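# Tertiary structure, described
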Amino acid sequence: MFAARAPPANTALYDEAGPPPPAAPEGAAEGVRSAQDAVRGAEQALAAARTDLARARGGAGAVEVREADNAVNSARRELDSARAEEPLDPNRVADLQDALGLAELRRAQLDAPADTTAQRAAVTGAEQQLRDARTGLATAREQALPNLPAGEVLYLADLPRRVDAVTATRGSVLEGPAMTVSGATLQVTGSAAEADARLLAVGGEAFLDLPGGDRHRAVVAALAPGGGDSARWTVELTPDPLTPEQVSELQGSNLRVSVPVGATQGPVLAVPLAALSAGSGGENRVEVVDGDPRDGEDAETRLVVVETGLAAEGAVEVRPLEGELSEGDLVVVGR
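In this text, all values refer to a predicted model and were calculated from it rather than measured experimentally. (Residues numbered from 1 in each chain as written. Predicted model: local features only at pLDDT ≥ 70, side-chain atom pairs only at ≥ 80, totals over all residues. Heavy atoms only, no water.)

## Details of the environment of G101
Within the secondary structure layout, G101 lies in helix α4 (residues 90-111). Residue classification places G101 among the partly exposed residues on the basis of a relative accessible area of 34%. Through-space distance from the C-alpha of G101 to that of S74 is 12 Å; in sequence the pair is 27 residues apart. (Helix = DSSP H or I, 4+ residues; strand = E, 2+ residues; numbered from the N terminus. Buried < 20%, exposed > 50% of the residue type's maximum accessible area, 1.4 Å probe, protein only.)

Quick look at the structure:
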């Protein structure tokens, strides 16, 4: 008996796509039928061998036992009759004693366990033949399956992938790409000057200005120096989870990316970068104006030695070391 089998994956694929699958090699169908006949014959041989083994293990039947009992009883009666005859015939009595012993021995053999060595060997051989036949059937079926030509399949190295567009239609001549796919994880790729790129670090925080005007967080995923004569570095960013609508908006779009490279712990004093000057010892100084020249007062200045901190957008953080500097003080720029 052969159970119904589901169509192989290649056949199901061709059925879904539309075109007929490639024909099986010549003679493959006949090979399957021959292998099925071999399996059917092996199954029948195994069933017969198991029947013989069960019969041998069952011992003598009721008829054989009754016949043996009757033979013993008959031999015993004849012997008793011979012993009662006058005159006694010793030779006849001896012959009847031998016949009785033989009948008793035959009856005893019916109670002994049967020797099933031959029957068990036959079952083992039939089981091996069935395994070989089933292996041959599996091989024949594999050889009869439709093949999937390598030129018709493109394997993607990494999964999952997102299908963005399908430009091919059944029955048309393919011109250009048949399908456009993208990774399941959206990546934003940009570039930065070497000096700026060296201020970044993998894992650092960044922000994307989405097309709708929202600001979305991202993480710096990779930094790579520019190849050849390029002085710009490649910066890859991984955005935080996005909605399907946001993913569709971002694909193929240009974005403004902001990457903070430092921040103060709180409000600080800051002056224009042009307000800093260097002293004779290399210290940083700020020239502070006492009074407000805009009010007609005489402008007097004093130098305050400062320690600089974070610089951004033309301003620099300062902390006074020698002298006083407060919020709102006027400083001299570019003097």
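## Quick word on the pattern of salt bridges
Taken as a whole and judged by the stated rule, the model has 16 salt bridges. A salt bridge links D209 to R215; its shortest N-O distance comes to 3.4 Å. Residue classification places D209 among the partly exposed positions, given a relative accessible area of 25%. Of the charged contacts, one joins R302 and D290 as a salt bridge, the two residues approaching to 3.0 Å between their closest N and O atoms. With R302 in strand β11 (residues 300-312) and D290 in strand β10 (residues 284-290), this residue pair connects regions lying 12 residues apart in the sequence. Residue D290 is classed as partly exposed on the basis of its relative accessible area of 32%. What you see here is one network of salt bridges that share partners, running through E205, R217 and D240. (Salt bridge = Lys/Arg side-chain N within 4 Å of Asp/Glu carboxyl O.)

## A short note on the pairing of strand β6 (residues 232-239)
Every second residue of β6 is oriented toward a common face, the buried set being W233, V235, L237 and P239 and the non-buried set R232, T234, E236 and T238. Of the strand pairs in this sheet, strand β3 (residues 188-193) and β6 are connected by 6 bridges, and their pairing is antiparallel. Within the sheet, the bridge partner assigned to A193 lies in β6 and is R232. Looking at chain direction, strand β5 (residues 215-224) and β6 are connected through 6 bridges and run antiparallel. Bridged to A218 within β6 is P239. (Pairing = 2+ DSSP bridges.)

## Remarks on the side chain of S258
Within the secondary structure layout, S258 lies in strand β7 (residues 256-258). Classification of S258 as buried rests on a relative accessible area of 19%. Excluding its chain neighbours within four sequence positions, the residues that come into contact with S258 are A206, F207 and R215. (Contact = heavy atoms within 4.5 Å.)

## As for the packing of helix α2 (residues 28-57) against helix α5 (residues 117-144)
The N-to-C vectors of α2 and α5 enclose an angle of 165°; their axes lie 8 Å apart at closest approach. If you check the angle between α2 and α5, you find them roughly antiparallel. Note on packing geometry: the crossing formed by α2 with α5 is left-handed. Tallied by class, residues from the contact of α2 with α5 come to 19 nonpolar, 6 polar and 8 charged. (Axes fitted to C-alpha atoms, helices over the stretch in contact; angles between N-to-C directions. Parallel < 35°, antiparallel > 145°, perpendicular 65-115°, else oblique. Left-handed = near helix turned anticlockwise from the far one by under 90°. Nonpolar A, V, L, I, M, F, W, Y, C, P; charged D, E, K, R; others polar.)

## Here we look at the confidence of the model for the chain
Summarising the model, the chain shows a mean pLDDT of 83, and 92% of its residues fall at 70 or more. When pLDDT is averaged over each element of the chain, α5 comes out on top at 92 and helix α1 (residues 9-17) at the bottom at 77. (pLDDT = per-residue confidence, 0-100.)

## Concerning a nonpolar patch on the surface
A surface patch of nonpolar side chains, about 700 Å² in accessible area, is lined by L154, L156, L159, V163, V166, M179 and V181. Where the nonpolar patch is concerned, the elements lending two or more residues are β1 (161-166) and β2 (179-183). Position of L154 relative to the elements: it lies in the loop between α5 and β1. (Patch = residues over 30% accessible without salt bridge, like charges linked within 9 Å, V, L, I, M, F, W, Y side chains within 5 Å. Areas by Shrake-Rupley, 256 points an atom, 1.4 Å probe, with all protein chains shown as cover.)

## Let's talk about the sheet that holds strand β4 (residues 205-209)
One open sheet holds the 5 strands; their spatial order is β3-β6-β5-β4-β7, and the pairing between them is antiparallel. Where the open sheet ends on each side, the last strands, each with one partner, are β3 and β7. Across the sheet, the axes of successive neighbouring strands diverge by a mean angle of 40°, strand direction being ignored.

## Focus on the pairing of β10
As paired strands, strand β9 (residues 276-278) and β10 are joined by 3 bridges and run antiparallel to one another. Paired with S277 across the strands is R285, a residue of β10. Counting the residues between successive antiparallel strands, the hairpin from β9 to β10 contains 5 residues, one of them, G282, with a positive phi of roughly 90°. The pairing of β10 with β11 spans 7 bridges and is classified as antiparallel. Paired with V289 across the bridge in β11 is T301. Pairing of β10 with strand β13 (residues 330-331), which is carried by 2 bridges, proceeds in the antiparallel orientation. Counted as the bridge partner of V289 is L330 from β13.

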